[in-house]
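Coordinates in review
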Amino acid sequence: KRHLYSPAMLELERRVMAVFEQPHYSGIDSLRRALADDAVSDIRTLIVGAALYEENFDAVYGACLALAHPDEVVRGNAVLGFGHIARQFRRLGDEALEIVRASKNDSSAYVRGQAEAAAMDLRDYLGLKVADEMDVEELPDPE
């Protein structure tokens, strides 16, 4: 099958691929140092690595919550982190739902795309739907 993509989706893919790096993660202390130093280039990948590999829910969840950052890649990756956390831990706090919901309307296409990806993970792993009209609904159990 041939897929047709809108110019907006092609631009989003180009921007995502331009900033994608395989996430590295060397522990919560390295993420905390990067956050304290506001080391943007490190935070961009460390937050994704933490969401994928950190075993301490409170540490990684707290880091994602703290990243209402001016850098769109940091902000977007923190939102994506909520999706990874949902998959890994099968839970999130209510604050994450609000952030994902709000991020679907962010001024950055990158953040909006990461919010869509996170919303799909929330749907798949927590049974929550972050609707386009900014509603969160519980989905029925599959039969």
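To start, this report covers the structure provided alongside it. Numbering of residues begins from 1 in every chain and follows the order in which that chain's sequence is written. The predicted origin of the model limits local features to residues at a pLDDT of at least 70 and limits the giving and counting of side-chain atom pairs to 80 or more, whereas totals for whole chains, interfaces and linings rest on all residues. Processing note: side-chain calculations cover all non-hydrogen atoms of the structure and skip hydrogens and water entirely.

**A closer look at the overall build of the protein**
A run of H or I in DSSP counts as a helix once it spans at least four residues, and a run of E counts as a strand once it spans at least two, with each numbered from the N terminus. Looking only at helices and strands, the protein features 7 helices and 2 strands. When accessible area is computed with a 1.4 Å probe and restricted to protein chains, residues below 20% of their type maximum are described as buried, those above 50% as exposed, and intermediate ones as partly exposed. The buried share of the protein, reckoned over its 143 residues, is 43%. Long-range contacts, defined here as pairs at least 24 residues apart, represent 63% of the contacts in the protein between residues at least 6 apart. Accessible area of the protein: about 8,400 Å², with a carbon and sulfur share of 50%. We call two residues in contact whenever any of their non-hydrogen atoms come within 4.5 Å of each other. Every accessible area reported is derived by Shrake-Rupley at a probe size of 1.4 Å, with residue values counting cover from the shown protein chains alone.

**Comments concerning the side chain of Arg75**
Looking at the secondary structure, you find Arg75 in helix α5 (residues 72-89). Judged by its relative accessible area of 17%, Arg75 falls in the buried class. Polar contacts, as used here, are pairs of N or O atoms within 3.5 Å; protein pairs need one atom able to donate a hydrogen and one able to accept it. Residues neighboring in sequence count only if both atoms are side-chain atoms. Side-chain polar atoms of Arg75 contact the side chain of Asp106, separated by 3.0 Å. Beyond its immediate stretch of four places on either side in the chain, Arg75 contacts Leu67, His69, Pro70, Asp106, Ser108 and Val111.

**Some words on the environment of Ala115**
In this structure, Ala115 sits in helix α7 (residues 109-126). Taking the C-alpha atoms as reference points, Ala115 and Val79, 36 residues apart in sequence, are found 5.9 Å from one another. With residues near it in sequence (within four places) discarded, Ala115 still touches Val79, Val100, Ser103 and Lys104.

**Describing helix α4 (residues 57-65)**
Burial in α4 covers these residues: Phe57, Ala59, Val60, Tyr61, Ala63 and Cys64. Of the surrounding secondary structure, the elements contacted by the buried residues of α4 are α2 (28-37), α3 (40-53), α5 and α6 (94-103).

**A look at the packing of aromatic side chains**
Pairing of aromatic side chains here covers Phe, Tyr and the six-membered ring of Trp, requires ring centres within 6.5 Å, and sorts the geometry by plane angle: under 30 degrees stacked, over 60 edge-to-face, intermediate tilted. Across all of its chains, the model carries 3 aromatic pairs by this definition. Ring geometry for Tyr61 and Phe82: centres 5.8 Å apart, planes at 65°, overall edge-to-face. Of this pair, Tyr61 sits in helix α4 while Phe82 sits in helix α5, placing them 21 residues apart in sequence. You'll find Tyr61 and Phe82 in the same group, each marked buried. Through a chain of ring-to-ring contacts, three or more aromatic side chains come together here, namely Phe57, Tyr61, Phe82 and Phe89.

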